[in-house]
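Each chain, letter by letter, is given below.
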Amino acid sequence: MIKQKIVLRFPPHVVEQPTIYHLIKDYDLMVNILRADINPRKEGRLMMELSGSESNYQRALEWMKEQGLKIISLEQQIIWQQDRCTHCGACTVICPTGALCFTRPEMTVRFAEEKCVVCELCLRACPARAMETLVDSENSL
Ligand code: SF4
Ligand code: SF4
């Protein structure tokens, strides 16, 4: 059994294809969509958690690559540049999952990557630019 968060980037010619349907029906995967940004005739982005057997997951990855989808590991997307963090707490107010939170009694901010759903709200909220995204870098699976 595997549970993996990924980002799919859809080129325009793939956006309208029933990718999720195939993941469920052909590869017996459970699909939990975390965020979607898909417009017809434009490149789309879909963040989701896939769970199922390891072999089906790997087969599904291969199939998606053959369809022209770019697949990015979600865990690698949000980076906390700890040395830039001033522990102001602005991100802890806005983070919807508690991935960024204060530790007590020190009252310093910590980043729990496993809770992050890559909503990117902290990127805009952080005055020190301590939160970064690697969505466009070299983390393709
Ligand atoms: S991307 Fe969203 S969920 Fe992840 S740490 Fe930032 S605010 Fe929290
Ligand atoms: S908003 Fe930025 S500087 Fe402030 S605690 Fe969060 S990561 Fe650190």
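Being a predicted model, the structure only gives us computed values, none of them experimental.

Within the largest apolar cluster, 19 residues are counted, with the highest numbers of intra-cluster contacts made by I6, L8, L23, L50 and M64. Among the elements of the structure, β1 (2-10), β3 (44-52) and α2 (54-66) are those that each provide at least two residues to this core. No other element matches α2, which puts 5 residues into this core. Contact partners of L50, with chain neighbours within four places excluded, come to I2, K3, Q4, I6, L23, L29, M30, V31, Y57 and M64. Residues V7, I72, I78 and A99 belong to the second largest nonpolar core, which totals 18 residues.

What surrounds ligand 2 is a group of 14 residues, the closest being C85, C88, G89, C91 and C126. Residue classes in the shell around ligand 2 are distributed as 11 nonpolar, 3 polar and no charged.

Moving on: unusual backbone geometry. In this structure, the amide linkage connecting R104 to the following residue, P105, adopts the cis form with an omega of 5°. Mapping P105 onto the fold places it in the loop between β6 (100-103) and β7 (108-111). A positive phi angle is found at H87, which is not glycine, with a value near 60°. Within the secondary structure, H87 is located in the loop between β5 (78-80) and α3 (90-94).

When the parts of a complex come together, some accessible area is lost, and that lost area is often used as the size of the interface. Annotation of the protein at the domain level lists domain 1 (2-75) and domain 2 (79-133). Counting residues at the interface gives 7 residues for domain 1 and 7 residues for domain 2. Where domain 1 packs against domain 2, one counts 1 residue pair in polar contact (both at pLDDT 80 or more). Looking at the side of domain 1 that touches domain 2, its residues break down into 3 nonpolar, no polar and 4 charged.

About the cut-offs
- Residues numbered from 1 in each chain as written.
- Chains lettered and ligands numbered in written order.
- Predicted model: local features only at pLDDT ≥ 70, side-chain atom pairs only at ≥ 80, totals over all residues.
- Heavy atoms only, no water.
- Core = buried A, V, L, I, M, F, W, Y, C linked by side-chain atoms within 4.5 Å.
- Buried < 20%, exposed > 50% of the residue type's maximum accessible area, 1.4 Å probe, protein only.
- Helix = DSSP H or I, 4+ residues; strand = E, 2+ residues; numbered from the N terminus.
- Contact = heavy atoms within 4.5 Å.
- Near = heavy atom within 4 Å.
- Nonpolar A, V, L, I, M, F, W, Y, C, P; charged D, E, K, R; others polar.
- Domains from an automatic or database assignment.
- Polar contact = N/O pair within 3.5 Å; in protein donor to acceptor, adjacent residues only side chain to side chain.

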